[in-house]
Amino acid sequence: MSIFFALFISTNASAWNPFTNEEFIDVALSKAELQKVKINAGWAKGEDQTLIFEVSNGLNGPIQCGAANVELKDGQSLSKVFVPKFAISSQATRNASMPVVKGTMKSYALTCSCFKKKGSDVCVNPLK
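Here is a short report on the structure shown in this document.

## Focus on the environment of E23
Line of reasoning, step 1. Mapped onto the secondary structure, E23 falls in the loop between strand 1 (13-15) and strand 2 (24-28).
Line of reasoning, step 2. A relative accessible area of 39% means that E23 is categorised as partly exposed.
Line of reasoning, step 3. Sequence separation between E23 and P126 is 103 residues; the distance between their C-alpha atoms is 8.6 Å.

## Topic: the nonpolar core
Line of reasoning, step 1. Core analysis: the biggest nonpolar cluster contains 25 residues, and F53, V55, I63, V70 and V100 have the highest contact counts within it.
Line of reasoning, step 2. Mapped by element, the contributors of at least two residues to this core are strand 3 (37-42), strand 4 (50-57), strand 5 (63-72), strand 6 (77-88), strand 7 (93-99) and strand 8 (105-117).

## Quick look at the state of the cysteines
Structurally, a disulfide amounts to a covalent bond that connects the sulfur atoms of two cysteines.
Line of reasoning, step 1. Tallied over the entire structure, the rule returns two disulfides.
Line of reasoning, step 2. Between the sulfur atoms of C65 and its disulfide mate C112 the distance is 1.9 Å. Here the S-S torsion is close to 100°, and the disulfide linking C65 with C112 is therefore right-handed. With a gap of 47 residues between them, C65 in strand 5 and C112 in strand 8 connect regions that are remote in the sequence. With respect to burial, C65 and C112 carry one shared label: buried.
Line of reasoning, step 3. What pairs with C114 in a disulfide is C123, and their sulfur atoms sit 2.1 Å apart.

Conventions used here
Residues numbered from 1 in each chain as written. Predicted model: local features only at pLDDT ≥ 70, side-chain atom pairs only at ≥ 80, totals over all residues. Heavy atoms only, no water. Helix = DSSP H or I, 4+ residues; strand = E, 2+ residues; numbered from the N terminus. Buried < 20%, exposed > 50% of the residue type's maximum accessible area, 1.4 Å probe, protein only. Core = buried A, V, L, I, M, F, W, Y, C linked by side-chain atoms within 4.5 Å. Disulfide = S-S within 2.5 Å.

It is worth stressing that arrangement in space is one thing and function is another; only the former is reported here.
Laid out in structure tokens, this is it:
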């Protein structure tokens, strides 16, 4: 089974914070940042209906993931939007899941991003 993963976000969004005058933008992770985010996907022992994603954030700032997409062996695809996005603190691991029958998955992708101050390349918590 060929597995690949990617972390993408297609739009930028501004985060409003009433405690600061700084502007933050929600941006896709860079290639270097992606290398510090580890994603595992699989099924729990005895469970063959729910795919579990384990996302470990090795960055110095928090990230958030908003969607998962799975391509099936039969050419169909499944998508799940996480509302709200699930946040992963720096150096932390979080799990998310979606219904996918074991043995039918060809590949998967997660849509993740982080907040950065305008003009900066560092992921930060916009509430701090």
